[in-house]
Amino acid sequence: MKTVVLHGRKVVGGVVEGEALVTTEMVSGWGGINPADGKIIDVRHELHGQSVKGKILVFPGAKGSSGWSSLFHYTRRNGNAPSGLIFNVMNTKAALGSVVIHAPAVTGLNQNPLEIIQSGDWVKIDADQGIVEVTKK
Amino acid sequence: MRLTDDEKAMLDGKEGRARQKAMDLLVRYGEALGAERLVDTNNVGGFMVAKKHHMDELGSFDALFSEFNLDSSEVVEFAKDKVKAFSCQFETTMDPEFWQIQGKSQEDYELMLANEKYLASGGVALMCTCTPYLVGNVPIKGEHCAWMESSAVVYINSVLGARTNAEGNSSSTAAMLTGKIPYWGFHIDENRLGTHLIDVECAVENQMDWGLLGYYAGTMVKERVPVINGIKKLPNLIKLKQFGAAAASSGGVEMYHIPGITAEARTVEEAFGNRQPVERLRFGKEERQMAYEALNSTAKDTNVDFVMFGCPHASIEEIWEICKLLEGKRLHENTVLWVFTPRGLREIADRNGFTKIINDAGGVLMSDTCPALGQFIPKGIKVMATNSGKQAHYLPNIKGIQAWYGTTEECIDAAVTGQWRGGLK
């Protein structure tokens, strides 16, 4: 099995591994996710109907209302949050959202994770070291 | 992140557990952003409104706000420790008088009253509006703020030259308690410079034109900083409020420049600093048409049963304009008219007789909230007309209704005739 290692920087520390859920589209919080089941409810989004629960969510960044972090906070409280986050564009929504999700998170990787990682790949994040290890499915 | 002595003291708990938890959140948040330090702020706008099911689960305002507004599982006493920075509450989820027609229960209403009391005891100003800058919270150029509400963020950054990022619930609550926020993003000079140049090649004059230009700008530049060139007719507060709200809805614009008009650039060159635009765009007739069609894409049925004004909350000038068009007329029997304004302006509207003009026509002047934030619409309605690009963008998604976007005149006509007869001219 092919393994790729990427390097970036810690957003929230910790180590986790799991199955990747990848989208090339920005993710909304308010009006974008249902905290009751972790499903993407934005009807225009390519992941519409899929749940982020327990997944390593790989996405370009966070968009929409400043309620982003709150919606993901509710999602975490309900046990439906992603287990790890990998994203490209830093903003206040993605930063605060990562903090309140309490899951290992990294950004600023040396290769574009949206091109390297596909949904279903096995991904290990060591956020403290800024290392992402991708095992292709 | 480098912390000053007063910040370290708060983090060490020398100013109580609430401030300690707030500082802990700010440090985690600042490190996530990649900020090097915090900056002092004495102007914070946040959202601390309890949801009933969270209250049922957690049992007290302290427990609820510790969890959801400070990310702390330990219960700390926000209200007892009181805010350190001047702080205000943005919109809430219901009108204090008309909550019943907004579909809220007696229990919801009582929770809201208790919530207000809690915030007031903690020192939070009960502005209850998305437009604090209409009712006395008008930051000056260079003032570091920590506000949420995207339409307010883009207004104070761009028009006034204040400095804020679009904060979230917990970062703004932490800023209230500590008077600090990460020094990152729009707090820093270089991030405030323009990135995209938009040459305006058609007339942009009325409020609808400004909404369309904003919707186009947000669609094209996403979260970057557009510079609008070629404006021939000076806008006003209302038009820039609509422009920014639309740009923040379609994209995520938190800062823009209109050289010669907004706070930080006299010329296009000054707006870009020494840099070149990453992209040059044009807003001509075709782009205007595209923005209009995008905003009206949910509308099919010309039978209008709901007309909504005041997103972002209406200024007293807007209420006056609505009243001039509405005075002496009656709403169509199938149409509901709701106008939203800050509670501080409702008093003026009452005393001026504006409220009576709206009521006599069959409409209602409301405050504190809006349909998108409070998640309510008049019972049974299917088709809305509004002069707000933001509400036309969000409400069809949230409530599954159709929305017509047009001028104030077209919306009043729809309220009176029950028919949408507007169109792009």
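Residues numbered from 1 in each chain as written. Chains lettered and ligands numbered in written order. Predicted model: local features only at pLDDT ≥ 70, side-chain atom pairs only at ≥ 80, totals over all residues. Heavy atoms only, no water.

Draft legend 1. The overall build of chain A, seen in detail. When you go through chain A residue by residue, the secondary structure sums to 3 helices and 12 strands. In terms of C-alpha radius of gyration, chain A reaches 13 Å, essentially the compact-globule figure of 14 Å for 137 residues. Counting the 137 residues in chain A, one finds 58% classified as buried. Intrachain contacts of chain A at a sequence separation of at least 6 include 71% that bridge at least 24 residues. Here chain A displays about 5200 Å² of accessible surface, and carbon together with sulfur accounts for 48% of that area. Put simply, chain A has 14 plus and 11 minus side-chain charges, and the middle of one group is 5 Å from the middle of the other. (Helix = DSSP H or I, 4+ residues; strand = E, 2+ residues; numbered from the N terminus. Rg over C-alpha atoms; globule rule 2.2 N^0.38 Å. Buried < 20%, exposed > 50% of the residue type's maximum accessible area, 1.4 Å probe, protein only. Contact = heavy atoms within 4.5 Å. Areas by Shrake-Rupley, 256 points an atom, 1.4 Å probe, with all protein chains shown as cover. Lys, Arg positive; Asp, Glu negative; His and termini not counted. Charge placed at Lys NZ, Arg CZ, Asp CG, Glu CD.)

Draft legend 2. Focus on the interface of chain B and chain A. Listed by partner, the interface residues are 31 residues for chain B and 22 residues for chain A. Interface area, chain B with chain A, both sides summed: about 2300 Å², of which 53% is carbon and sulfur. The three residues of chain B that bury the most area against chain A are Ala32(B), Phe68(B) and Glu223(B), which together make up 21% of that side's buried surface. In this structure, Arg76(A) and Asp71(B) form a salt bridge, with 2.9 Å as the shortest nitrogen-oxygen distance. At the level of elements, helix H2 (17-33), helix H3 (52-58), helix H4 (61-70), helix H8 (169-178) and helix H17 (389-399) of chain B are the ones that each hand at least two residues to the side of chain B that touches chain A. If one sorts the elements of the side of chain B that touches chain A by residue count, H2(B) sits on top with 6 residues. Looking at side-chain class alone, the side of chain B that touches chain A contains 12 nonpolar, 9 polar and 10 charged residues. (Buried area = accessible area lost by both parts, 1.4 Å probe. Salt bridge = Lys/Arg side-chain N within 4 Å of Asp/Glu carboxyl O. Nonpolar A, V, L, I, M, F, W, Y, C, P; charged D, E, K, R; others polar.)

Draft legend 3. Seen up close, the UniProt feature "domain: Phosphomevalonate dehydratase small subunit-like" (unreviewed entry) in chain A. UniProt annotation of "domain: Phosphomevalonate dehydratase small subunit-like" (unreviewed entry) refers to residues 28-106 of chain A when read in the numbering used here. Across residues 28-106 of chain A one finds 25% helix and 22% strand; the C-alpha atoms that close the span lie 19 Å apart. (UniProt positions renumbered as here; feature names shortened; annotations may be inferred.)

Draft legend 4. Expanded view of the layout of surface pockets. All names here are of chain B. Approximately 260 Å³ is the volume attributed to the second largest pocket. Lining the second largest pocket are 14 residues, and of these Asn206, Gln207, Glu321, Thr408 and Glu409 sit closest to its centre. Where the lining of the second largest pocket is concerned, the elements lending two or more residues are helix H9 (207-221), helix H10 (237-250), helix H13 (316-326) and helix H18 (408-417). Two domains share the lining of the second largest pocket, each providing at least three of its residues, namely domain 2 (193-295) and domain 3 (306-417). (1 Å grid on protein atoms, 1.4 Å probe; cavity = no way out; pocket = protein on both sides within 12 Å on 5 of 7 lines; lining within 4 Å. Points joined across faces, edges and corners; volume = space filled by probe spheres on them. Domains from an automatic or database assignment.)

Draft legend 5. Inspection of the domain arrangement of chain B at higher detail. All names here are of chain B. The domains assigned to chain B are domain 1 (5-189), domain 2 (193-295) and domain 3 (306-417). On a C-alpha basis, the centroid separation for the pair domain 1 and domain 3 is 28 Å. Note on domain 1 versus domain 3: buried area summed over both sides is about 1800 Å², and carbon and sulfur give 55% of it. It is Glu91, Gln102 and Leu134 that lose the most area in domain 1 upon contact with domain 3, and together they represent 27% of the buried surface on that side. One can count 4 salt bridges joining domain 1 with domain 3. Of the charged contacts in the structure, one is a salt bridge between Asp95 and Arg346, with a shortest N-O distance of 2.6 Å. The interface formed by domain 1 and domain 3 contains 10 residue pairs in polar contact (both at pLDDT 80 or more). Across the side of domain 1 that touches domain 3, the residue classes break down as 11 nonpolar, 7 polar and 6 charged. (Polar contact = N/O pair within 3.5 Å; in protein donor to acceptor, adjacent residues only side chain to side chain.)

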